[in-house]
Amino acid sequence: MILLLFVPLTFFAQLEEARRITQRLCSPEFHGRGYVNQGDSIAAEFIAAEFQNLGLDPIKGNYFQSFTHNVNTFPGKMEVKTGDRLLQPGIDFLIDPSSPGGNKILNPILVNYELIKNEPQFIWTIKHVLKDKTHDAFVFDFSSAPKDSVKDFIKFSRDFITVSKMPVFLVTEDKFTWSVSDEVLLAPYILLKPGTWNEGESITLDINQQFKVNYTSRNVISMIKGKGCSKKTIVFTAHYDHLGRMGSDTYFPGGNDNASGTAMLLVMAKYFKEHPPKFNVLFIAFAGEEAGLLGSKYFTENPQYNLKKIDFLINLDIMGSGEEGITIVNATLFEKEFALLQEINKEKDYLTQIKSRGPAANSDHYWFTQMGVPAFFIYTMGPNKNYHDVFDTYVNLSFAEVMDITDLLVHFAEKLTSK
Ligand SMILES: [Zn+2]
């Protein structure tokens, strides 16, 4: 108990702050921060209001940087019935992000490994179905196929839509991992969990899909000018968008990915506002990351801040755990900076490990690296493996290392800019 007295109050305040922001961003009113009900835009407004409450200035006239892109969405009905059983979206089935919708009762034919193995029989069956219209959909099931060929079969099943122009269902035990698409397939493509469909049963679809052209997304940007005449600049980035809604009743909260990183970004902003740094600090909450790193791409092509003046960029994506430490993407590109991070961590005994990883195009730091801006992408590691699924919720986050990571990054930014 006595030890607790020596712990600074900000210590707990940071954790509370990270929790508050993440919980808000994950709530249903933000619709999974995607493109249904303008969820991403609601999140953008929320972040801008947080910047304003903290007293942070925009770089330009306001906090926003707009850009447009196409996106496929599922705003309404999302019903799949096998026989007379109504399946649960995100649990029993997952619609491909590029899928069109539709409203029809289908009479599918089963295509399994046994059939595909017997090539003449397979070709005959397919021809027969396509020509005589004996069936109007396909259910692919490769559960008995050799493990090393399953991937190819899955790819084949999706490509098959181009040929058949008929709905395709894929029975798969793989974890459901959703994403965002800017294109539309010729017919619905839907993943089913094993046991949700029996051969001979009909499949009823009632799915509302809408392709949005030139949808407007917004990066949210603010900065704190350094004390004195420091020319150094550190940038913190995190994408706030996620996958949105898969139908009106199901949404992907994106707790770890990346409400947690957005929260960390705002925690860092609060820290530096309360402890004015000698260097300039920029905070960028990116939109459109899940749609293909679109917000960061747009920013690097239309920078609101001279990219050459950025000394280092730290991208925070998936910050909700940390029991097993963190990983640094680009560690092998910036060995000196990585060594500094290791040194601080060892000295202060913050995290169990800081793992090194090479460059990867897996988050918003990517375009900055391409433009020659020194950058790290930091993600936490821990037992929480929920990713791009309906289980990536606020309650499933441990926030094990929020305070240690904040301290680590503050020391890192200070040391980097003090040379
Ligand atoms: Zn993601």
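Up top is the structure these notes are about.
Not measured: the values here are computed from a predicted model.

Describing the packing of helix H6 (residues 255-274) against helix H10 (residues 402-417)
Orientation of H6 relative to H10, taken along the N-to-C sense of each, is 55°, at an axis distance of 11 Å. Regarding the angle of H6 to H10, the classification is oblique. H6 and H10 meet at a crossing whose hand is right-handed. Counting all contacts with H6, which are made through Met264, Val267, Met268, Tyr271 and Phe272, the residues of H10 involved are Val402, Ile405, Thr406, Leu409, Val410 and Ala413.

A few points about the coordination of the zinc ion
Taken together, the protein ligands of the zinc ion are Asp257 (OD), Glu290 (OE), Glu290 (OE) and His388 (NE2), with distances of 1.9 to 2.4 Å. Bound by four donor atoms, the zinc ion shows angles of 56 to 144° at the metal and therefore irregular coordination geometry. Read in sequence order, the donor residues for the zinc ion give the motif D-x32-E-x97-H. With aspartate 257 in helix H6 and histidine 388 in the loop between strand E19 (375-380) and H10, this residue pair connects regions lying 131 residues apart in the sequence. Histidine 388 carries the same exposure label as aspartate 257, and that label is buried.

Some points on the nonpolar core
Side chains that are nonpolar tend, in soluble globular proteins, to be buried together. One finds Phe236, Phe272 and Phe283 to be the most contacted residues of the largest nonpolar core, which totals 66 residues. If one sorts the elements of this core by residue count, H6 sits on top with ten residues. Contact partners of phenylalanine 272, with chain neighbours within four places excluded, come to Ile224, Phe236, Pro277, Phe279, Val281, Phe283, Val410 and Ala413. Core analysis: the next-biggest nonpolar cluster, separate from the first, contains 52 residues, Phe93, Ile109, Ala187 and Leu192 among them.

Quick notes on the sheet that holds strand E12 (residues 233-239)
On the basis of which strands lie adjacent, the open sheet formed by eight strands has the order E1-E11-E15-E12-E16-E19-E17-E18 and mixed pairing. The open sheet has two edge strands with one neighbour each: strand E1 (64-73) and strand E18 (354-357). Between one strand axis and the next, the sheet turns by 25° as a mean value, whatever way the strands run. Pairing geometry for strand E17 (residues 326-329) and E18, over four bridges, is parallel. Following the sheet pairing, isoleucine 326 is matched in E18 by isoleucine 354. Contacting strand E11 (210-224), E12, strand E15 (280-286), strand E16 (312-316) and E19, H6 runs over the sheet at an angle of about 150° to E12. On the sheet, H10 packs against E12, E16, E17, E18 and E19 and is oriented at approximately 170° with respect to E16.

Calculation notes
Residues numbered from 1 in each chain as written. Predicted model: local features only at pLDDT ≥ 70, side-chain atom pairs only at ≥ 80, totals over all residues. Heavy atoms only, no water. Axes fitted to C-alpha atoms, helices over the stretch in contact; angles between N-to-C directions. Helix = DSSP H or I, 4+ residues; strand = E, 2+ residues; numbered from the N terminus. Parallel < 35°, antiparallel > 145°, perpendicular 65-115°, else oblique. Left-handed = near helix turned anticlockwise from the far one by under 90°. Contact = heavy atoms within 4.5 Å. Donors = N, O, S within 2.8 Å, 3.2 Å for Na, K, Ca; no water. Tetrahedral: all angles 85-135°; square planar, octahedral: opposite > 155°, others 65-115°. Buried < 20%, exposed > 50% of the residue type's maximum accessible area, 1.4 Å probe, protein only. Core = buried A, V, L, I, M, F, W, Y, C linked by side-chain atoms within 4.5 Å. Pairing = 2+ DSSP bridges.

Any link to function would need more than the numbers given here.
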